[in-house]
Amino acid sequence: MLPRNSVLIRAPSNLGLRPLRPGHEPGTWRAPEALTKAGLLHALSPARIVDLPRPKYESGEQAGTRLRNGHAIRIFNLMLADAVLSALRREEFPIVVGGDCSILLGALAGVRRNTPVSLVHIDGHSDFRHPGNYDPSIMLGAVAGMDLALATGRGEKLLTEWPSVPAPLVPDEYVIQIGEREAREPDFAWPDVNDTAITRIDVFTARDSGGEAMLADTKEVLNRIDLPYWVHFDVDVLDQAVMPAVDSPGSPGIDPNDLSILLKGLLSSPRCLGLDITIFDPDLDPDGAYAQLLVSLLRDAVATT
């Protein structure tokens, strides 16, 4: 299994997602429970488990922020940061199972209290929405589509500035984004990500190169940065034909075998500090088949050769 004791942190948040219709509450908060039922504990063999309380989801505007559930996201992520920091100080490997992508902020805030860090952001979307590419006065921000922008210091101070942590959580030049599927489209939502120092390997390059080459390219950048790193794994990086039980499914996606090679190669390094897993929605998986698929992928990713 993983090279050191792991701690499973179950983070049942859906706060960063917008409702798909009036009265809807996104089901990602149920992912930790559903994946546990599908065999997650056997797959990961954690030394211990930390359960964070489910936060209250509200879809409307709130005073003092133009982010949906902004204040609750900060509170939840401060708890998550404490749990991640505690794990690192115990020389454990934190595996954070969410939940939506807003949990990345708490995970990084916990790490940054301990050490500078680089980020491997594996996601079918680069999640780079921020006030420089949309108008917050017109629409509420959904943090699940903004996590990388916020992590790199773009957006409201509510979620870019954290106690005892220098801002930003991760500078652009320390980020590798893998899997974006829309960057080559003329109406790409956040084209300014292409003008940053973020290293980008879009889904087309990933599919053309294959798992081993993608891993080698990623390791080359990580070696150049020469810092410990955190891995963010958004399940929607898989093709919707393989994994439709996500908030924003799409095609194409990274091949599951290539993704397994990438994750296994990254997680096996002693420089890897931890992993978060996001966006799986059990409401879209009534018979549990996709939960079992995801658990199987994670089992392969942490297994020894």
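These notes cover the structure that comes with them. (Residues numbered from 1 in each chain as written. Predicted model: local features only at pLDDT ≥ 70, side-chain atom pairs only at ≥ 80, totals over all residues. Heavy atoms only, no water.)

Points about helix α4 (residues 103-112)
Using the following cut-off: To sort residues, take the accessible area from a 1.4 Å probe on protein chains only and compare it with the maximum for the residue type: under 20% means buried, over 50% means exposed, and anything in between is partly exposed. Counting from the N terminus, the helices are DSSP H or I runs at least four residues long and the strands are E runs at least two residues long.
Burial of α4 is extensive: 10 of the 10 residues sit out of reach of the surface. Those residues of α4 that sit buried are I103, L104, L105, G106, A107, L108, A109, G110, V111 and R112.

A word on the nonpolar core
This is how the line gets drawn: By convention a nonpolar core is built from buried Ala, Val, Leu, Ile, Met, Phe, Trp, Tyr and Cys residues, the set being connected through side-chain atoms within 4.5 Å. Contacts between residues were defined by any pair of non-hydrogen atoms, one from each residue, lying within 4.5 Å.
I122, V231, F233 and F280 are the most contacted members of the largest nonpolar core, which totals 53 residues. Of all the elements, helix α10 (residues 289-302) adds the most residues to this core, at seven residues. Each residue touching F280, except ones within four places of it in the same chain, is listed here: T28, A31, A34, L35, V235, M243, A245, D285, Y290, A291 and L294.

A word on the environment of P116
Here P116 lies in the loop between α4 and β4 (118-122). For P116, a relative accessible area of 43% gives the class partly exposed. Sequence separation between P116 and G253 is 137 residues; the distance between their C-alpha atoms is 31 Å. Apart from residues lying up to four places away in sequence, P116 is in contact with L227 and P228.

Section: the sheet that holds strand β6 (residues 199-201)
The following threshold applies: When DSSP finds at least two bridges between two strands, those strands are taken to pair. In this analysis an axis means a line fitted to C-alpha atoms, helices contributing only their contacting stretch, and an angle means the value between N-to-C directions, from 0 to 180 degrees.
Read across the sheet, eight strands follow the order β2-β1-β3-β8-β7-β4-β5-β6 without closing on themselves; strand pairing throughout is parallel. With partners counted over all chains shown, the strands left at the sheet margins are β2 (48-51) and β6, one partner each. Direction aside, neighbouring strands of the sheet carry axes that sit 15 degrees apart on average. Pairing of strand β7 (residues 229-234) with strand β8 (residues 272-278), which is carried by six bridges, proceeds in the parallel orientation. Bridge assignment links V231 to a residue of β8, and that residue is L275. This element, helix α8 (residues 211-225), spans β4, β5 (175-178), β6 and β7 of the sheet and lies at about 165 degrees to β5.

Details of helix α9 (residues 256-267)
As a reminder of what qualifies: How far a helix is expected to stretch is found by multiplying one less than its residue total by 1.5 Å. Side-chain atoms alone can form a polar contact between residues adjacent in sequence; in general such a contact is a pair of N or O atoms within 3.5 Å, and within protein one must be able to donate a hydrogen while the other accepts it.
In this model α9 runs 16 Å from its N-terminal to its C-terminal C-alpha over 12 residues, within 8% of the 16 Å that 1.5 Å per residue would give. Those residues of α9 that sit buried are D258, L259, S260, L262, L263, G265, L266 and L267. If you check the start of α9, you find a side-chain oxygen 2.9 Å away from the backbone N of N257, and it comes from D255.

Some details on the packing of helix α3 (residues 70-89) against α4
The condition that has to hold: Note that the term roughly parallel is reserved for angles under 35 degrees, roughly antiparallel for angles over 145, roughly perpendicular for angles of 65 to 115, and oblique for everything else. Each crossing is labelled by how the near helix is turned from the far one, with a counterclockwise turn of less than a right angle marking it left-handed and a clockwise turn marking it right-handed. Put simply, Ala, Val, Leu, Ile, Met, Phe, Trp, Tyr, Cys and Pro go in the nonpolar bin, Asp, Glu, Lys and Arg in the charged bin, and everything else, Gly too, in the polar bin.
Here α3 crosses α4 at 45 degrees, and the two axes come no closer than 7 Å. Of the possible angle classes, the one that applies to α3 and α4 is oblique. Crossing geometry of α3 relative to α4 is assigned as right-handed. In this structure, α3 uses F76, N77, L80, A81, V84, L85 and L88 to contact α4, whose residues at the interface are I103, L105, G106, A107, A109, G110 and V111. Residues belonging to the contact of α3 with α4 are distributed by class as follows: 11 nonpolar, three polar and no charged.

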